[in-house]
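What follows is the residue order along each chain.
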Amino acid sequence: MESLPIPRLRLRVTATAETLIRAGHPWLFADSVRAANRPGRLGELAVLFDRHDKFLALGLFDPESPIRVRVLHTGKPATIDPAWWQGRLKQTLARREGLFDAQTNGYRCINGESDGWPGLVLDRYDRTFVLKLYTVAWLPRLDEVVGCIRAALHPPRLVLRLSRNIQALAKERFCRDDGELLFGEKPDGPVTFLESGLRFEADVRQGQKTGFFLDQRENRRCVESLARGRDVLNAFSFSGGFSLYAARGGAKSVTDLDLSAHALAGARRNFALNQAVPGVAACRHDCVRADAFAWLAAKPARKFDLIVLDPPSLAKREAERARAIGAYRQLNADGLRWLAPGGVLVAASCSAHVSTEEFFGAVRQAARANGRPFAEWQTTSHAPDHPATFPEAQYLKAIYLRLG
Ligand code: SAH
């Protein structure tokens, strides 16, 4: 018997979801599906219809995620074929044209939903590219996506990273491993790359995110411009990103503070990699391995002229939001006590569940409670290679204060 072709997966969505999707929101939640013509399969293309049964959008279906469909396309119906993917990638890369010169070969090429690639990130570290997936819905078409990236970017090496919550399923259903080399030569050591002319290591196969916090580049550049002659404390330093910029900017000393010995070892290697830079060679570099919350809560043993506080996300889910705001207030209040007169605080938050205003409010409150007069210099948000086009994507914010 001849088997009939499987009909397209067609979903009717609620009026609220329709409004959100029309406004550019890229997620359709499971409870916003009103009707389906059949059960959907992981990673297939779903066609969404509005309340008048008119075409609304196309997206990647995931039967197991509360985000049931990740929208790829809205507007007029389209055929998603290899040419469509190539066009999408071309647009994405065009957004980065002119952003970086040869001094920066580590940056984000694709930033998920906000670039039209829901749940997919592509970072470049010189000749090594890292593809990170946050949904298994991409895995059935991994070869197609990789082919598209190869055709447009010719990366010599591509590494696959999988967010923690999809690793088990990716292994079981698709035999894919976090950190696996998709093609190119196996790296014979850590990958190095340039950011604003500074050389850094990235642990692309096991490190946090895709191996480095590329999202803080613009704040690091600001810190460089503020560092001359100062004693700098970089709390939650990771591999010393802010510290190298501060050193090049003429800091007298830089202290890296992190809980992870591995991160601090990375910071030492990054200082070693940049000894040809006069400011870095001249700067005293200390590492302190400690819980930064406890360390900063203690009685200040000395003062710093510039303090960077860039903790990991303090609210991993919505339920932790209120507690996280309090934790930011406390952390910054403690940090400010270590600041010398005229000193600068750079406070950052990467918690998507804490809004920009909530975070800035917490830091301002901490500054007022400190009692010394303070001036607010600037606030910053996402860098241009990390666009954020919808509220859930807006996680990064920083505020710069100078204390009298
Ligand atoms: N500012 C860094 C990124 C920070 S990521 C950069 O620009 O690259 C957060 C860092 O905080 C990680 O290195 C992690 O090891 C560290 N960390 C997490 N909890 C900590 C704690 N309680 N005390 C000190 N460091 C901590």
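Numbers given for residues are sequential positions, taken from 1 along each chain in its written order. Totals for whole chains, interfaces and linings use all residues, but because this is a predicted model, local features are given only for residues with pLDDT of at least 70 and pairs of side-chain atoms are given and counted only at 80 or more. Excluded from the side-chain calculation are hydrogens and water; included are all heavy atoms of the structure.

Asker: Can you tell me about the site of the ligand, naming the residues and giving the values?
Answerer: Surveying the vicinity of the ligand reveals 16 residues, the closest of which are Arg-220, Asp-258, Leu-259, Ala-292 and Asp-310. We define a polar contact as two N or O atoms separated by no more than 3.5 Å, with the added condition that, inside protein, one atom must be a possible hydrogen donor and the other a possible acceptor, whereas residues neighbouring each other in sequence contribute only through side-chain atom pairs. In this structure, a nitrogen atom belonging to the ligand sits 3.3 Å away from a main-chain N or O atom of Phe-236. Separating a nitrogen atom of the ligand from a backbone N or O atom of Ala-292 is a distance of 2.8 Å. Working definition of accessibility: Shrake-Rupley area with a 1.4 Å probe, residue cover restricted to the visible protein chains. The protein chains hide 90% of the 580 Å² of surface that the ligand would expose on its own. Near residues are defined by distance, with any heavy atom within 4 Å of the molecule or strand qualifying the residue.

Asker: Help me get a handle on the pattern of salt bridges, residues and values and all.
Answerer: Think of a salt bridge as a Lys or Arg side-chain nitrogen and an Asp or Glu carboxyl oxygen that are within 4 Å of each other. What the rule picks out here adds up to 30 salt bridges. As a salt-bridge pair, Arg-22 and Asp-50 come within 2.8 Å of each other at their nearest N and O atoms. Taken together, the positions of Arg-22 in helix H1 (residues 15-22) and Asp-50 in the loop between strand S4 (45-49) and strand S5 (55-61) put the pair 28 residues apart, joining distant regions of the chain. Here the term buried applies to any residue with accessible area under 20% of the maximum for its type, exposed to any over 50%, and partly exposed to those in between, with areas from a 1.4 Å probe on protein chains only. Given a relative accessible area of 48%, Arg-22 falls into the partly exposed group. With its nearest N and O atoms 2.8 Å apart, the salt bridge here joins Arg-161 to Asp-178. Taken together, the residues Arg-161 in strand S10 (residues 157-162) and Asp-178 in the loop between helix H4 (167-174) and strand S11 (181-183) connect sequence positions 17 residues apart. Among the ionic contacts, a cluster of salt bridges with common partners joins Glu-18, Arg-22, Asp-50 and Arg-51. Numbering goes from the N terminus for both helices and strands, where a helix is a DSSP run of H or I of at least four residues and a strand is a run of E of at least two.

Asker: Please set out the nonpolar core residue by residue, giving values where relevant.
Answerer: Membership of the largest hydrophobic core comes to 38 residues, with the highest contact counts inside it found for Trp-85, Leu-120, Leu-122, Leu-131, Leu-133 and Trp-138. Only S4, S5, helix H2 (82-94), strand S7 (106-111), strand S8 (120-125), strand S9 (128-133), helix H3 (142-153) and S10 provide two or more residues apiece to this core. Looking at this core element by element, the count peaks at five residues for H3. Here the bounds of each domain stem from an automatic or database domain assignment. Domain assignment of the residues forming this core places at least three in each of domain 1 (9-74) and domain 2 (82-191). Only buried Ala, Val, Leu, Ile, Met, Phe, Trp, Tyr and Cys residues count toward a nonpolar core, and they belong to the same one when joined by side-chain atoms within 4.5 Å. Val-159, Val-280, Cys-283 and Val-344 belong to the second-largest nonpolar core, a separate cluster that totals 33 residues.

Asker: Can you tell me about the domain arrangement of the protein chain, naming the residues and giving the values?
Answerer: In terms of domains, the protein chain is made up of domain 1 (9-74), domain 2 (82-191) and domain 3 (213-403). Distance between the C-alpha centres of domain 1 and domain 2: 25 Å. Opposite the 14 residues of domain 1 that make contact, domain 2 presents 17 residues. The quantity reported as buried area is the accessible area (1.4 Å probe) lost by two parts once they are put together, taken as the sum for both. Between domain 1 and domain 2 lies a buried interface of about 1,200 Å² when both sides are counted; carbon and sulfur atoms form 62% of it. It is Leu-42, Arg-70 and Leu-72 that lose the most area in domain 1 upon contact with domain 2, and together they represent 48% of the buried surface on that side. Here domain 1 and domain 2 share two salt bridges between them. On inspection of domain 1 and its partner domain 2, the count reaches three residue pairs in polar contact (both at pLDDT 80 or more). Elements with a minimum of two residues in the side of domain 1 that touches domain 2: S5 and strand S6 (67-74). Here, residues are in contact when the closest pair of their heavy atoms is within 4.5 Å.

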